[in-house]
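Chain residues, written in single-letter form:
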Amino acid sequence: MSKTRREIDSLGELQVPSEAYYSTQTVWAINNFPISGIPISHLSQVVQALAIVKKAAILANKNLGNISAPKADAIVAGCDDIAAGGLITEFPIEVFQGGAGTSTTMNISEVIANRAIEHLGLPRGRYDIIHPNDDLNQSTNDVYPTAIRVAIQVSHRSLHQELRLLAGELENKCAEFASVLKLGRTQVRDAVPMTLGQEFRAFATTMWEDVTSSFVFSRRSISAAPPWAKESGATRRKSIWYEPA
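Residues numbered from 1 in each chain as written. Predicted model: local features only at pLDDT ≥ 70, side-chain atom pairs only at ≥ 80, totals over all residues. Heavy atoms only, no water.

Moving on, we come to the overall build of the protein. The helix and strand tally for the protein stands at six helices and four strands. Listing each helix as α and each strand as β along the protein from the N terminus yields β-β-α-α-α-α-α-β-β-α. The contacts of the protein with a sequence gap of at least 6 include a subset with a gap of at least 24, amounting to 64%. (Helix = DSSP H or I, 4+ residues; strand = E, 2+ residues; numbered from the N terminus. Contact = heavy atoms within 4.5 Å.)

Take a look at the structure:
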């Protein structure tokens, strides 16, 4: 039988796997949303983006003096671990869930908190030192949309590169097939004669247009989190999660 640790929140007491970095809110979500069997870890870039947003929030609060430097540095280190692709198995909750993503943001807050506690040389579960709610939680309505945009931007870079490679290969085929004659097709009927190279030229042109559109998208897609101070609720008095430039 695997070992567990006893944890308590406002909903009651739960036994959490002792090796887990997540805590009670994640366990509640696992129990409440057994829908598709697809965990949020399947969307690893979203998880990494959430860690990036959480890191930005902590750095802003550190600069404003709302959190001590040692605590902030430990939390930032935990965010960096996740943003680098680590601890991805610690996100077992459903991709389909209630609460507009609240369970996901609590999941990552819990994982970051326990990882930060470890960075301070303490065992997981020492929430008197770093608490998932008091020290890490921001409004899901702000964090999640921002993280989605970050994830799209990160994914978009690799997509843009692959589109360029595909467009280039299609262009190569234009020359390779320049002497291959064929009949064009219009509505499943024979049309004017053309070369296979001309056909691939049309493919290449369309793909380069997509590359251009993709580049424009990359320049416009990131919209920073709203430029105002966001209270994180009753757990913090002045928790600014976004610091205007």
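So, about the pairing of strand β2 (residues 12-17). Of the pairings in the sheet, the one linking strand β1 (residues 4-9) to β2 comprises six bridges and is antiparallel in character. Its bridge partner lying in β2, Glu 7 is registered against Leu 14. A loop of two residues connects β1 with β2, the two strands running antiparallel in sequence. (Pairing = 2+ DSSP bridges.)

Before going further, it helps to spend a moment on the nonpolar core. If you look at the biggest cluster of nonpolar residues, it comprises 38 residues, and the most contacted ones within it are Ile 75, Ile 82, Ile 108 and Ile 130. Counting residues per element, the ones that place at least two in this core are β2, α1 (24-32), α2 (44-63), α3 (69-83), α4 (102-119) and α5 (140-176). It is α2 that provides the largest number of residues to this core, a total of seven residues. Not counting the four nearest positions on each side in its chain, Ile 82 is found in contact with Val 47, Gln 48, Ala 51, Leu 87, Phe 91, Ile 108, Val 111 and Ile 112. One finds Ala 167, Leu 170, Cys 174 and Ala 204 within the second-largest nonpolar core, a separate group that totals ten residues. (Core = buried A, V, L, I, M, F, W, Y, C linked by side-chain atoms within 4.5 Å. Buried < 20%, exposed > 50% of the residue type's maximum accessible area, 1.4 Å probe, protein only.)

Further remarks concern α1. The complete set of buried residues in α1 reads Thr 24, Thr 26, Val 27 and Ala 29. Looking at the buried residues of α1, the elements they touch are β1, β2 and α4.

A few words now on unusual backbone geometry. Even without glycine at this site, Leu 87 takes up a positive phi of about 60°. Along the chain, the position of Leu 87 falls in the loop between α3 and α4.

The next point concerns the packing of α1 against α4. Here α1 crosses α4 at 140°, and the two axes come no closer than 8 Å. As α1 packs across α4, the resulting crossing turns out to be left-handed. Of the residues in α4, those in contact with Thr 24, Gln 25, Thr 26 and Ala 29 of α1 are Ser 103, Met 106, Asn 107 and Glu 110. (Axes fitted to C-alpha atoms, helices over the stretch in contact; angles between N-to-C directions. Left-handed = near helix turned anticlockwise from the far one by under 90°.)

Considering all chains together, one arrives at two aromatic pairs under this definition. Ring centres 5.3 Å apart and planes at 75° place the aromatic pair Phe 200 and Phe 203 in the edge-to-face group. Residue Phe 200 and its partner Phe 203 are located together in helix α6 (residues 196-220), separated by three residues, close to a single helical turn. For Phe 200, a relative accessible area of 18% corresponds to the buried category. (Phe/Tyr/Trp six-rings, centres within 6.5 Å; stacked < 30°, edge-to-face > 60°.)

So, on to the environment of Gln 153. Mapping Gln 153 onto the fold places it in helix α5. Between the C-alpha atoms of Gln 153 and Ala 49, which are 104 residues apart in sequence, the distance is 9.7 Å.

With that settled, the discussion passes to the environment of Asp 73. Tracing the sequence through the fold places Asp 73 in helix α3. With a relative accessible area of 41%, Asp 73 lands in the partly exposed category. Sequence separation between Asp 73 and Ile 58 is 15 residues, and the spatial gap between their C-alpha atoms is 8.7 Å. Among the polar contacts made by the side chain of Asp 73, one reaches the side chain of Lys 62 at a distance of 2.8 Å. (Polar contact = N/O pair within 3.5 Å; in protein donor to acceptor, adjacent residues only side chain to side chain.)

This part covers the pattern of salt bridges. With the rule as written, the count across this model stands at twelve salt bridges. Here Asp 135 and Lys 71 are joined by a salt bridge, their closest N and O atoms 3.4 Å apart. In this pair, Asp 135 sits in the loop between α4 and α5 while Lys 71 sits in helix α3, placing the two residues 64 residues apart along the sequence. The class for Lys 71 is partly exposed, based on a relative accessible area of 22%. Taken together, the shared-partner salt bridges connect Asp 81, Arg 115, Glu 118 and Arg 124 into one network. (Salt bridge = Lys/Arg side-chain N within 4 Å of Asp/Glu carboxyl O.)

This part covers the packing of α2 against α3. Across the interface, α2 lies against α3 with an axial gap of 8 Å and an inter-helix angle of 165°. As the angle between them shows, α2 and α3 are arranged roughly antiparallel. In this structure, α2 meets α3 at a crossing whose hand is left-handed. Residues Val 47, Gln 48, Ala 51, Ile 52, Lys 54, Lys 55, Ile 58, Leu 59 and Lys 62 of α2 form the contact with α3, whose participating residues are Ala 69, Ala 72, Asp 73, Ile 75, Val 76, Cys 79, Asp 80, Ile 82 and Ala 83. In terms of residue class, the contact of α2 with α3 is made up of twelve nonpolar, one polar and five charged. (Parallel < 35°, antiparallel > 145°, perpendicular 65-115°, else oblique. Nonpolar A, V, L, I, M, F, W, Y, C, P; charged D, E, K, R; others polar.)

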